[in-house]
Amino acid sequence: MRWEGNRESENVEDRRGQGGGMGGGRMIGGRSIGIGTIVIALVGGWVLGVNPLTLLGMLSGGGGPVAIEQQAPAQRPPADDQMAKFVSTVLADTEDVWRQLFVEAGGQYRDPTLVLFRGATRTACGQGQAAMGPFYCPADQKVYIDLGFYETLKNRLGAPGEFAQAYVVAHEVGHHVQNLLGITAKMEQMRQRMSEVQYNGMSVRLELQADCFAGVWANKAQKARQILENGDIESAMNAAAKIGDDALQRGSGGAIVPESFTHGSSAQRQRWFANGLKNGNVKACDTFSTREL
């Protein structure tokens, strides 16, 4: 992937030196949507042998506002941190693409913040932990990632490559786009009227749309800046396959239970990323209207 020398985003907050604050982290208040906007993001609870809806309940339960310690002032990553530089550059590229797309649609894009942390960190959606994988919190409009996840992606899930790593960021930014478009709020409203199986199905559609949005980003970035090299598309498609619900359930040694899927099968995730990549059009990402995912 060609990224070195490109613009880096200013919207990156480095909390890696702050510690996790495991004892004090709780929901800040109100109702929130948990990891990966609805459940956990890319790794999925199935890697850990945990039902994602259990984690969702932990992060979106009741209770009034809870006082927590104040976060230390936001810090920028060190200039010589190559991995931080990489994700900052990818984030900047998503900013450029989505700003333009929103302008073309007569709107205005609000940049998300990317938070780098280690182990655990406080969020407006509850306590975020590295074991949950990268996630987006709509309550504070921030993407959270422990960069150690990329070692998991490469060594444990078998999905190496810089463009696979970029796809992770672009997917979470896709959740931010959904939040700005009001899709996330509609999902939360529907949650109250659905059974667990029905809501799982809607969650799959939400996640596949974020995959498609990641493909739209890749399409536009390639046309504008020629970021792709040989093997990059295959790298992202491999990552999409490795993080399908069926692949994760199979890898955890459990039975494959389609009714429990929350992110989509490997084939579905590949199909929708490829759809966005091919069309480069947000309208091609309407996963909620189609019958065939």
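Residues numbered from 1 in each chain as written. Predicted model: local features only at pLDDT ≥ 70, side-chain atom pairs only at ≥ 80, totals over all residues. Heavy atoms only, no water.

Undergrad: I'd like a description of the state of the cysteines, backed by residues and values.
TA: Evaluation of the coordinates by the stated rule reveals two disulfides. A sulfur-sulfur distance of 2.0 Å marks the disulfide that ties Cys-212 to Cys-285. Every disulfide takes its handedness from the sign of the S-S torsion; for Cys-212 and Cys-285 that torsion is -75°, giving left-handed. Here the residue Cys-212 occupies a position in helix α7 (residues 196-225), and Cys-285 occupies one in the segment after α10 (266-279), the gap between them amounting to 73 residues. Neither residue differs from the other here; Cys-212 and Cys-285 are each classed as buried. (Disulfide = S-S within 2.5 Å. Helix = DSSP H or I, 4+ residues; strand = E, 2+ residues; numbered from the N terminus. Buried < 20%, exposed > 50% of the residue type's maximum accessible area, 1.4 Å probe, protein only.)

Undergrad: Lay out the environment of Gln-129 in plain terms, naming residues and giving numbers.
TA: Along the chain, Gln-129 falls in strand β4 (residues 126-129). Residue Gln-129 is classed as partly exposed on the basis of its relative accessible area, which comes to 29%. Separated by eleven residues in sequence, Gln-129 and Arg-118 have C-alpha atoms that sit 8.2 Å apart.

Undergrad: Describe the pairing of β4, with residues and values.
TA: Here strand β3 (residues 120-123) runs beside β4; their pairing, made up of four bridges, is antiparallel. Within β4, the residue paired with Arg-122 across the bridge is Gln-127. The loop that links β3 with its antiparallel partner β4 comprises two residues. (Pairing = 2+ DSSP bridges.)

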